[in-house]
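A closer look at the structure
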Amino acid sequence: MYQFLTFDVAERIAVITVNRPDKLNALNDATIAELGRAIDEANAREDVAGVLLTGAGRSFIAGADISELESQSPLEAQRRARIGQAIFRRFETSPKPTVAAINGFALGGGCELAMACHVRLASEKAKLGQPEVKLGIVPGYGGTQRLPRLVGRGAALKLLLTGDMIDAAEAFRLGLVDQVVAPEALMDTARALLAAMVANAPLALAGCIEAVNRGQDVPLEEGCTIESDFFGLLSATADMKEGMRAFLEKRAPTFTGR
């Protein structure tokens, strides 16, 4: 089904691996389309509770495939950006947790896709950046919007306007990644993190994700209203009753997503 990705499921975690190591996993149009199909498949499958995204070889995703961009017209460029933005947004709005395991270069579109995931773990060898200005363009897949939301306006503009690449330690200091681990521990750490997440009630996970996504750019009062709505709705679920009962009975809950 996939030419430029691998899609593997084990223990309720779907591992999506961008698999163009000879191109440092650069994103061509076909790979972006496959990423859209992969996140849709993960969200549709009942045996998948969380998504782990990584890259094959020594790169996470080294950016866009410049051979496709070099000859694009303005209208083609706009259309390409909007298609990519819509697909990356599906990772961000997935009701199932999405974790990026950044094993190497995460530049341009690769950094943008990592930012669209809910949580980012980076290898100590990872390098991140938005170097588009060095090519005479701006980020096209949400970089100018997500980066300031993660690291603040000044730090984001410094990275965007210099096009500089930063290491994992600096990315962690800025808040661009959430944890830095040894290269050999990256995938096990990411799997363990996702396992801890998906042990919780699926509807509650989805509610947290949607409340954060909808609330981050609205006034606090409106965000709290969104939260209270979810708090109320989830109180009607079987998982809420199971979770409360299990706590009182001092046992592990068995959630069903209902």
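Summarised in this report is the structure supplied together with it. Please read all numbers here as calculations on a predicted model, not as lab measurements.

If you walk through the whole model with that rule in mind, you get zero disulfides. Between Cys 208, a free cysteine, and Cys 224, which holds the nearest cysteine sulfur, the sulfur-to-sulfur gap is 14 Å. Using a relative accessible area of 51% as the deciding quantity, one classes Cys 208 as exposed.

Before going further, it helps to examine helix H10 (residues 220-234). Taking 1.5 Å of rise per residue, the 15 residues of H10 would be expected to cover 21 Å, and the 21 Å separating its terminal C-alpha atoms lies within 8% of that figure. Inspection of H10 places Gly 223, Ile 226 and Phe 230 among the buried residues, and these make up the whole buried set. Seen from one end, H10 has its buried residues packed into an arc of 55°, which puts them on one side. For H10, exposure combined with an orientation more than 90 degrees from the buried face picks out Leu 220, Glu 221 and Phe 231.

As a volume, the largest pocket reaches approximately 1200 Å³. Lining of the largest pocket is provided by 45 residues; of these, Gly 207, Cys 208, Ile 209, Ala 211 and Val 212 occupy positions nearest its centre. Residue assignment for the lining of the largest pocket shows that the elements contributing at least two residues are helix H3 (74-92), helix H4 (109-116), strand E7 (119-123), helix H5 (143-151), helix H9 (202-215), H10 and helix H11 (238-248). Top element by residues in the lining of the largest pocket is H9. It accounts for ten residues. Here the lining of the largest pocket is built from residues that sort into 25 nonpolar, twelve polar and eight charged.

Pairing within the open sheet is mixed, and its four strands lie in the order E4-E6-E8-E9. At either margin of the open sheet sits one strand with a lone partner, and together these are strand E4 (59-61) and strand E9 (165-167). Sheet twist, expressed as the mean angle between neighbouring strand axes with direction ignored, is 20°. As paired strands, strand E6 (residues 105-107) and strand E8 (residues 127-129) are joined by three bridges and run parallel to one another. Each residue of the ladder has a partner; that of Ala 106, found in E8, is Leu 128. Docked against the sheet, H4 engages E4, E6 and E8, running at close to 90° with respect to E6.

With respect to burial, strand E3 (residues 50-55) is a largely interior element, six of its six residues being buried. Of the two faces of E3, the one carrying Gly 50, Leu 52 and Thr 54 and the one carrying Val 51, Leu 53 and Gly 55 are both buried. Regarding the hand of the β-α-β motif, the stretch spanning strand E2 (residues 13-18), helix H1 (residues 29-44) and E3 is right-handed.

Formed by 44 residues in total, the largest nonpolar core has its most connected members in Ile 16, Leu 35, Leu 53, Ile 102, Leu 128 and Leu 176. For Leu 176, the contacting residues outside a window of four places in its chain are Cys 111, Met 115, Arg 120, Leu 128, Leu 147, Leu 150, Val 151, Ile 166 and Ala 171. Within the second largest apolar cluster, twelve residues are counted, among which are Val 15, Leu 52, Ala 190 and Leu 194.

What counts, and at which threshold
- Residues numbered from 1 in each chain as written.
- Predicted model: local features only at pLDDT ≥ 70, side-chain atom pairs only at ≥ 80, totals over all residues.
- Heavy atoms only, no water.
- Disulfide = S-S within 2.5 Å.
- Buried < 20%, exposed > 50% of the residue type's maximum accessible area, 1.4 Å probe, protein only.
- Helix = DSSP H or I, 4+ residues; strand = E, 2+ residues; numbered from the N terminus.
- Expected span 1.5 Å × (residues − 1).
- Arc of directions from axis to C-beta.
- 1 Å grid on protein atoms, 1.4 Å probe; cavity = no way out; pocket = protein on both sides within 12 Å on 5 of 7 lines; lining within 4 Å.
- Points joined across faces, edges and corners; volume = space filled by probe spheres on them.
- Nonpolar A, V, L, I, M, F, W, Y, C, P; charged D, E, K, R; others polar.
- Pairing = 2+ DSSP bridges.
- Axes fitted to C-alpha atoms, helices over the stretch in contact; angles between N-to-C directions.
- Contact = heavy atoms within 4.5 Å.
- Right-handed = clockwise from strand over helix to strand, strands pointing away.
- Core = buried A, V, L, I, M, F, W, Y, C linked by side-chain atoms within 4.5 Å.

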